[in-house]
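In case you want the letters, here they are:
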Amino acid sequence: MSVNTNIAMVFVPAYSKGKMPYGAFAVRTAVTPRNWENDSTDDLSTLVVDADKSGRKLTDVVGGQGIAFNRPVGGTISAFGYSATRPQLGEELLHCVGTAKEKSGVQAIPCDMSGGSSGGPWLADFNATTGKGTLVSVNSALDSLTPTEMQGEVLGATAKKVYDRAQHS
């Protein structure tokens, strides 16, 4: 595991076109598997955020999602992200919905979100009314041969170790 505490990044829940309805939360720590640093495998990271300027914790402000480790690939997945390309330019939350399939050690769904959407959540059993689902992956990459298919890691043992390490950071 690699723990980086020298970060200049914030998380802004529900950001849209300059509006920050829930404020901003400074990222304190990023925990990443060494496999990603050394071999470009296990493309995932856990970010730990500080309380906001008013002292409120992120989950007290907006709640949180459940997370599933070692979940079999499949089922309907809703993926979210902020594509940096035109016309959105990272200013609008986009989403894709599709059935996950296994592909060369990762999972994939039909989706054409582009650069900037990396790290956006993949939620199984997503309920648009409540905004709740279960985190099963994150946007990782588009295959250049299949630019309408988003890939994401299967959250297995390595992801669980990263998550557990972040809980103590």
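Before reading on, note that the structure itself is shown above.
Residues numbered from 1 in each chain as written. Predicted model: local features only at pLDDT ≥ 70, side-chain atom pairs only at ≥ 80, totals over all residues. Heavy atoms only, no water.

A.B. asks: Break down the overall build of the protein chain for me, citing the residues and quoting the values.
C.D. replies: The helix and strand tally for the protein chain stands at three helices and 13 strands. On C-alpha atoms alone, the protein chain measures out to a radius of gyration of 16 Å, which is about the 15 Å that the 2.2 N^0.38 rule sets for 169 residues. In the protein chain, which comprises 169 residues, the proportion classed as buried is 34%. Taking as baseline every contact in the protein chain between residues at least 6 positions apart, the subset at least 24 positions apart corresponds to 56%. A total of about 9600 Å² of accessible surface is found on the protein chain, and carbon and sulfur atoms cover 51% of it. With 15 positive and 16 negative side-chain charges, the protein chain shows a spacing of 6 Å between the two charge centroids. (Helix = DSSP H or I, 4+ residues; strand = E, 2+ residues; numbered from the N terminus. Rg over C-alpha atoms; globule rule 2.2 N^0.38 Å. Buried < 20%, exposed > 50% of the residue type's maximum accessible area, 1.4 Å probe, protein only. Contact = heavy atoms within 4.5 Å. Areas by Shrake-Rupley, 256 points an atom, 1.4 Å probe, with all protein chains shown as cover. Lys, Arg positive; Asp, Glu negative; His and termini not counted. Charge placed at Lys NZ, Arg CZ, Asp CG, Glu CD.)

A.B. asks: Describe the sheet that holds strand E5 (residues 66–67), listing the residues and the values that go with them.
C.D. replies: Pairing within the open sheet is mixed, and its five strands lie in the order E5-E11-E10-E6-E7. Edge strands, defined here as strands with exactly one partner in the open sheet, are E5 and strand E7 (94–99). Looking at chain direction, strand E6 (residues 76–81) and strand E10 (residues 121–127) are connected through three bridges and run antiparallel. The residue bridging isoleucine 77 from the neighbouring strand is alanine 124, located in E10. (Pairing = 2+ DSSP bridges.)

A.B. asks: Describe helix H3 (residues 157–167), and please don't skip the residues or the numbers.
C.D. replies: Turning to H3, its buried residues are Ala159, Val162 and Ala166. In a view along the axis of H3, the buried residues occupy a sector of 60 degrees, so they form one face of it. Within H3, the exposed residues directed more than 90 degrees away from the buried face are Ala157 and Lys161. (Arc of directions from axis to C-beta.)

A.B. asks: Account for empty space enclosed by the protein, with residues named and values stated.
C.D. replies: The gaps left among the atoms become clear once a water-sized probe is rolled over them. Under the definition given, this model contains one cavity of 30 Å³ or more. Lining the largest cavity we find Ala68, Asn70, Arg71, Gln107, Val136, Val154 and Leu155. (1 Å grid on protein atoms, 1.4 Å probe; cavity = no way out; pocket = protein on both sides within 12 Å on 5 of 7 lines; lining within 4 Å. Points joined across faces, edges and corners; volume = space filled by probe spheres on them.)

A.B. asks: Describe the nonpolar core, listing the residues and the values that go with them.
C.D. replies: Ranked by size, the top nonpolar core spans twelve residues in total: Ala68, Ile77, Ala79, Cys96, Ala100, Ile109, Cys111, Met113, Trp122, Ala124, Val136 and Met150. Secondary-structure elements contributing two or more residues to this core are E6 and E10. Ranked by size, the runner-up nonpolar core spans seven residues in total, among them Leu44, Ala159, Val162 and Ala166. (Core = buried A, V, L, I, M, F, W, Y, C linked by side-chain atoms within 4.5 Å.)

A.B. asks: Would you mind going over the sheet that holds strand E8 (residues 101–103) in detail, with residue names and values included?
C.D. replies: Read from one edge of the open sheet, four strands run E8-E9-E13-E12, paired in antiparallel fashion. Each of the sheet's edge strands pairs with one partner strand only, and the pair in question is E8 and strand E12 (141–143). Within this sheet the neighbouring strands show an average axis-to-axis angle of 45 degrees, counted without direction. (Axes fitted to C-alpha atoms, helices over the stretch in contact; angles between N-to-C directions.)

A.B. asks: Go over the pairing of strand E9 (residues 106–110) with me, naming the residues and quoting the values.
C.D. replies: Most of E9 is tucked away: four of the five residues are buried. With three bridges joining them, E8 and E9 adopt antiparallel strand pairing. From the neighbouring strand, glutamate 102 faces E9, where its bridge partner is glutamine 107. A loop of two residues connects E8 with E9, the two strands running antiparallel in sequence, and serine 104 in this loop sits at a positive phi of about 50 degrees.

A.B. asks: A description of the pattern of salt bridges should follow, citing residues and the corresponding values.
C.D. replies: Side chains bearing opposite charge may pair, as long as their charged atoms lie close to each other. Following the criterion strictly, the structure yields five salt bridges and no others. Measuring nitrogen to oxygen at the nearest pair gives 2.6 Å for the salt bridge that ties arginine 28 to aspartate 50. Of this pair, arginine 28 sits in strand E3 (residues 25–32) while aspartate 50 is found in the loop between strand E4 (46–49) and helix H2 (58–62), placing the two residues 22 residues apart along the sequence. In the salt-bridge network here, residues are joined through shared partners; they are Lys101, Lys103 and Glu149. (Salt bridge = Lys/Arg side-chain N within 4 Å of Asp/Glu carboxyl O.)

A.B. asks: Explain the side chain of aspartate 52 to me, and be specific about the residues and the numbers.
C.D. replies: The topology assignment puts aspartate 52 in the loop between E4 and H2. Aspartate 52 gets classed as buried once you look at its relative accessible area, which sits at 10%. Polar side-chain contacts of aspartate 52 include one of 2.9 Å to the backbone nitrogen of serine 54. Look past the residues within four positions of aspartate 52 in its chain and what remains in contact with it is Ala24 and Phe25. (Polar contact = N/O pair within 3.5 Å; in protein donor to acceptor, adjacent residues only side chain to side chain.)

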